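Spelled out from the first residue to the last, the chains are:
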Amino acid sequence: MEKLVVIGLGLIGGSLALDLKKRSGYKVYGIDENPTHINKALEFGIIEEGIDFTQLADASVVIIAVPVNMIPQVAKQVLDVISKDTLVFDVGSVKNEICKSIENHPNRKNYVAAHPLAGTEFSGPEAAILNLFDEKVNILCEADKTDWKILDKAFSIFKKLNMRIKMMSPEEHDRHIAYVSHLSHVSSFMLGKTVLGIEKNEQHIFDMASTGFASTVRLAKSSANTWAPIFLQNKENIIRSLDEYIKNLTEFKEMIATDNDAGLKETMKSTNYIKTILNGIR
């Protein structure tokens, strides 16, 4: 059985371990600086054994699933010790900084900069689930810098996960993901903060929260340890998207304040077009 090592045993790393153990027959090992995560991953059958960085030389595949601010350091540490045939890929949602950090590494050809667009609002090994990646998009950046044999191994894995592949430059990825993913998390966190600040009666929140509120604020349950580094590492793109979002909120507030019924309806009707886009994607 080939050896697969997952570094970072949270939702994404744990789910990849479960799926690839089932679909590809890898023997899965785990590395995590949190001993509790190792113990839980063993308990839940996510990994076979906890190891350390000295045991990577015979790995066929190494997956880096740590917070984005840690990926550059971990990637270099992994690339320093792997064999010439080892595939290494990360799953971070910010790509430009990681790609720059390893661009001159002697083993850059073994690396695939990936971002599987999958997840839930939960975290930790207990959040890992099977089939998380089915029919999801996986964005690859700078695939031309990866050795074709290594890239072929990566494609084989992503095919087994039933993922759709999209190619982007790191800069393009970070710009687009700020609008369609990172901004939605900011919005959800701030909606939750606003409601908690205005409504002090927790029972009222529980009793009156509609399905619309629950779905909109769902992402506010996400891990701060995961998302704070993402916001900071992609801050230029996020700030640009926030500027536009705040401008739209200010204009919408003004239409309400001035009883601009026509303006409100036109804004909402034009925005309804988003459902056409999303239905078309699905």
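Just above, that's the structure.
All values reported here derive from a predicted model rather than from experimental measurement.

## Describing the environment of Arg23
Secondary-structure assignment places Arg23 in helix α1 (residues 11-24). Separated by 138 residues in sequence, Arg23 and Leu161 have C-alpha atoms that sit 7.7 Å apart. Of the polar contacts made by the side chain of Arg23, one reaches the backbone oxygen of Lys160; its length is 2.8 Å.

## Quick look at a nonpolar patch on the surface
On the surface, a cluster of nonpolar side chains totalling about 380 Å² of accessible area is made up of Tyr273, Ile274, Ile277 and Leu278. Take Leu278: it is sitting in helix α12 (residues 273-281).

## Side note on the side chain of Asp90
With respect to the helices, strands and loops of the structure, Asp90 is situated in strand β5 (residues 87-90). On the basis of relative accessible area, Asp90 is assigned to the buried category, the value being 0%. A polar contact of 2.9 Å, which involves the side chain of Asp90, links it to the backbone nitrogen of Gly92. Within the local environment of Asp90, its side chain forms a polar contact with the side chain of Lys95, the two groups lying 2.7 Å apart.

## Here's the deal with the environment of Arg164
Among the secondary structure elements, Arg164 is positioned in strand β8 (residues 164-168). With relative accessibility at 41%, the residue Arg164 sits in the partly exposed group. Taking the C-alpha atoms as reference, Arg164 lies 19 Å from Trp148; in sequence the two are 16 residues apart. The contact partners of Arg164, leaving out residues within four places of it in the chain, are Glu135, Lys136, Val137 and Asn138.

## Observations regarding the sheet that holds strand β4 (residues 61-64)
Judged by pairing direction, the sheet is mixed, and its 8 strands sit side by side in the order β3-β2-β1-β4-β5-β6-β7-β8 without closing on themselves. Looking along the sheet, the strands with just one partner apiece sit at the ends: β3 (49-50) and β8. Note that strand β6 (residues 111-116) and strand β7 (residues 137-141) share 4 bridges and pair antiparallel. Paired with Ala113 across the two strands is Cys141, which belongs to β7. Sheet contacts for α1: β1 (3-7), β2 (27-31), β4 and β5; angle to β1, the most-contacted strand, approximately 165°. Sheet contacts for helix α6 (residues 170-198): β6, β7 and β8; angle to β8, the most-contacted strand, approximately 110°.

## Here we look at the side chain of Ser188
With respect to the helices, strands and loops of the structure, Ser188 is situated in helix α6. For Ser188, the contacting residues outside a window of four places in its chain are Thr216, Val217, Arg218, Leu219 and Ala220.

## A few points about the pairing of β6
Side-chain positions along a regular strand alternate between the two faces of the sheet. Within β6, 6 of the 6 residues are buried, leaving the element largely enclosed by the surrounding structure. Side-chain alternation along β6 places Tyr111, Ala113 and His115 on one buried face and Val112, Ala114 and Pro116 on a second face that is also buried. Summarising the sheet, β5 and β6 pair through 3 bridges and their orientation is parallel. If you follow Phe89 over to β6, its bridge partner there is Val112. What joins β5 to β6 is helix α4 (residues 96-102), and the crossover it makes is right-handed.

## Things to note about the state of the cysteines
Scanning the entire structure with this criterion turns up 0 disulfides. Free of any disulfide, Cys99 has its nearest cysteine sulfur in Cys141, 5.5 Å distant. Accessibility expressed as a relative area gives 2% for Cys141, which makes it buried.

## Side note on the packing of aromatic side chains
All chains considered together, the criterion is met by 3 aromatic pairs. When the centroid spacing of 5.3 Å and the interplanar angle of 75° are considered together, the rings of Phe89 and Phe158 count as edge-to-face. Here Phe89, found in strand β5, pairs with Phe158, found in helix α5 (residues 148-160); they are 69 residues apart in sequence, far enough to count as distant. Ring geometry for Trp227 and Phe231: centres 5.6 Å apart, planes at 45°, overall tilted. Pair noted here: Trp227 and Phe231 are both in helix α9 (residues 224-233), with a separation of 4 residues, about one helical turn.

## Comments concerning the nonpolar core
Counting residues in hydrophobic clusters, the biggest one holds 37 residues, and the most contacted among them are Ile63 and Phe89. Elements with a minimum of two residues in this core: β1, α1, α2 (35-43), β4, β5, β6 and α5. Broken down by element, the residue count for this core peaks at 6 residues, all from α1. Beyond its immediate stretch of four places on either side in the chain, Phe89 contacts Leu16, Val61, Val62, Ile63, Ile64, Val112, Ala114 and Phe158. In this structure, Ile7, Leu56, Val186 and Trp227 belong to the second largest nonpolar core, which totals 34 residues.

What counts, and at which threshold
Residues numbered from 1 in each chain as written. Predicted model: local features only at pLDDT ≥ 70, side-chain atom pairs only at ≥ 80, totals over all residues. Heavy atoms only, no water. Helix = DSSP H or I, 4+ residues; strand = E, 2+ residues; numbered from the N terminus. Polar contact = N/O pair within 3.5 Å; in protein donor to acceptor, adjacent residues only side chain to side chain. Patch = residues over 30% accessible without salt bridge, like charges linked within 9 Å, V, L, I, M, F, W, Y side chains within 5 Å. Areas by Shrake-Rupley, 256 points an atom, 1.4 Å probe, with all protein chains shown as cover. Salt bridge = Lys/Arg side-chain N within 4 Å of Asp/Glu carboxyl O. Buried < 20%, exposed > 50% of the residue type's maximum accessible area, 1.4 Å probe, protein only. Contact = heavy atoms within 4.5 Å. Pairing = 2+ DSSP bridges. Axes fitted to C-alpha atoms, helices over the stretch in contact; angles between N-to-C directions. Right-handed = clockwise from strand over helix to strand, strands pointing away. Disulfide = S-S within 2.5 Å. Phe/Tyr/Trp six-rings, centres within 6.5 Å; stacked < 30°, edge-to-face > 60°. Core = buried A, V, L, I, M, F, W, Y, C linked by side-chain atoms within 4.5 Å.

The quantities given are spatial measurements derived from coordinates; they are silent on function.
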